[in-house]
Amino acid sequence: MIVTIGGIKGGSGKTTIATNLAVISAIRGEDVLLIDADDQETSSDFTILRNEQHPNKPSYTSIKLSGAAVRTETARLADKYETIIIDTGGRDTSSQRAALSVSDILLVPFVPRSFDIWTLEKVGGLVEEMRTVNSNLAAYTFINRADPRGNDNEEASEVIRETPNLDFISCTIGMRKAFGNAAASGLSVIEVKPNDIKAKNEIITLYQHCFNVKVTLPMLEIVGG
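Treat the numbers as computed from the prediction; the structure is a model and nothing was measured.

Thresholds, definitions, all that
Residues numbered from 1 in each chain as written. Predicted model: local features only at pLDDT ≥ 70, side-chain atom pairs only at ≥ 80, totals over all residues. Heavy atoms only, no water. Core = buried A, V, L, I, M, F, W, Y, C linked by side-chain atoms within 4.5 Å. Buried < 20%, exposed > 50% of the residue type's maximum accessible area, 1.4 Å probe, protein only. Helix = DSSP H or I, 4+ residues; strand = E, 2+ residues; numbered from the N terminus. Contact = heavy atoms within 4.5 Å. Salt bridge = Lys/Arg side-chain N within 4 Å of Asp/Glu carboxyl O. Patch = residues over 30% accessible without salt bridge, like charges linked within 9 Å, V, L, I, M, F, W, Y side chains within 5 Å. Areas by Shrake-Rupley, 256 points an atom, 1.4 Å probe, with all protein chains shown as cover. Lys, Arg positive; Asp, Glu negative; His and termini not counted. Charge placed at Lys NZ, Arg CZ, Asp CG, Glu CD. 1 Å grid on protein atoms, 1.4 Å probe; cavity = no way out; pocket = protein on both sides within 12 Å on 5 of 7 lines; lining within 4 Å. Points joined across faces, edges and corners; volume = space filled by probe spheres on them. Nonpolar A, V, L, I, M, F, W, Y, C, P; charged D, E, K, R; others polar. Pairing = 2+ DSSP bridges. Axes fitted to C-alpha atoms, helices over the stretch in contact; angles between N-to-C directions. Parallel < 35°, antiparallel > 145°, perpendicular 65-115°, else oblique. Left-handed = near helix turned anticlockwise from the far one by under 90°. Polar contact = N/O pair within 3.5 Å; in protein donor to acceptor, adjacent residues only side chain to side chain.

Overview of the nonpolar core
Next, step 1: Among the nonpolar cores identified, the biggest contains 40 residues, and Ile17, Leu107 and Ile203 are the most heavily contacted of them.
Next, step 2: Secondary structure elements with two or more residues in this core: strand 1 (2-5), helix 1 (14-27), strand 2 (32-37), strand 5 (105-110), strand 6 (138-143), helix 8 (177-184), helix 9 (197-211) and helix 10 (217-224).
Next, step 3: Broken down by element, this core gets its largest block of residues, 8 residues, from helix 1.
Next, step 4: The contacts of Ile203, once residues within four sequence positions are left out, are Ile17, Asn20, Ile24, Ile173, Phe179, Val189 and Ile190.

Focus: the pattern of salt bridges
Next, step 1: A complete count under the given rule lists 6 salt bridges for this structure.
Next, step 2: Its salt-bridge partner being Glu41, residue Lys64 comes within 3.4 Å of it at the nearest N-O pair. In this pair, Lys64 is assigned in strand 3 (residues 61-64) and Glu41 in the loop between strand 2 and helix 2 (42-53), connecting sequence segments 23 residues apart.
Next, step 3: Between Arg76 and Glu73 there is a salt bridge, and its shortest N-O distance comes to 2.7 Å. Within this pair, Arg76 and its partner Glu73 are both found in helix 3 (residues 69-77), separated by 3 residues, close to a single helical turn.

Some points on a negative patch on the surface
Next, step 1: A contiguous patch of negative charge on the surface is contributed by Asp152, Glu155, Glu158 and Glu162.
Next, step 2: For Asp152, the location among the structural elements is in helix 7 (residues 152-161).

Side note on the layout of surface pockets
The gaps of empty space that remain are located by a probe, the size of a water molecule, rolled over the atoms.
Next, step 1: Put simply, the largest pocket is a space of about 450 Å³.
Next, step 2: Taken together, 27 residues line the largest pocket, and the ones lying closest to its centre are Thr15, Asp38, Gln40, Thr42 and Asp87.
Next, step 3: Within the residue set of the lining of the largest pocket, elements represented by two or more residues are helix 1, helix 2, strand 4 (83-88) and helix 8.
Next, step 4: Per-element accounting of the lining of the largest pocket gives the leading share, 5 residues, to helix 1.
Next, step 5: Here the residues of the lining of the largest pocket are counted per class, giving 6 nonpolar, 15 polar and 6 charged.

Section: the sheet that holds strand 1
Next, step 1: Reading across the sheet, the 7 strands line up as 3-2-4-1-5-6-7 and stay open at both edges, with parallel pairing between neighbours. Each edge of the sheet is formed by a strand with only one pairing partner; in this case those strands are strand 3 and strand 7 (167-168).
Next, step 2: Bridge count between strand 2 and strand 3: 4 bridges; the pairing is parallel. Directly across from Leu33, in strand 3, lies its bridge partner Thr61.
Next, step 3: Lying over the sheet, helix 7 contacts strand 5, strand 6 and strand 7, oriented at roughly 165° with respect to strand 6.

Examining the packing of helix 1 against helix 2
Next, step 1: The contact between helix 1 and helix 2 brings their axes to 10 Å, and the two run at 45°. Judged by the angle between their axes, helix 1 and helix 2 are oblique. Read as a crossing pair, helix 1 and helix 2 show a hand that is right-handed. Side by side, helix 1 and helix 2 meet where Thr15, Thr19 and Val23 of the first sit next to Thr42, Ser43, Phe46 and Arg50 of the second.
Next, step 2: Partitioned by chemical class, the residues of the contact of helix 1 with helix 2 number 2 nonpolar, 4 polar and 1 charged.

Comments concerning the environment of Asn20
Next, step 1: Here Asn20 lies in helix 1.
Next, step 2: For Asn20, a relative accessible area of 4% gives the class buried.
Next, step 3: C-alpha of Asn20 to C-alpha of Ala184: the two residues are 164 residues apart in sequence and 13 Å apart in space.
Next, step 4: With residues up to four places along the chain from it excluded, the contact list for Asn20 reads Phe179, Ser188, Val189 and Ile203.
Next, step 5: Within polar-contact distance, the side chain of Asn20 engages the backbone oxygen of Thr16 at 2.8 Å.

Laid out in structure tokens, this is it:
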């Protein structure tokens, strides 16, 4: 499975989603490759921190690629890994297009704010264009960093559901400190203490939908330590 975490709006939490999915796959015992195709290289920084601070935690391979190399190297390495997750930047870049040309899934987080929602049509257009190259590309969107109250989440969901070429999934991720605290420690939200059960269940729900597998929180906690 090759999954790209992308979009064309920065600040939507793509790296947080990418690193959490990579760690969960590693906890499950899979051979995982995380490709950092974002110029900011935040996924790489997270991985370095994780390896330094938690050498005994479940691990994955991480590399940095850009431009056409994202396509050629991903295709070359596809048979060597069970799961490949590609973290792209918040712009319509050659790296993101290269990733989409070989991906099974594009996963697009949207923050329920007006400026993010305005990019929907452009993202849908990008998916339509890339499907001329990769006809099997699935594109899922979900609400990330959701508000704890108010109508913004539901209003954003309604707009997303009406956007062509994008399939909305009800896997809302809340605006939770646990994600930031975990990332600052080189951990996934599954591993960080104290527990935030809501945050853990939210990322597990997203993982299950994306990879079409059944995952239980107790088993992840036992294996992940």
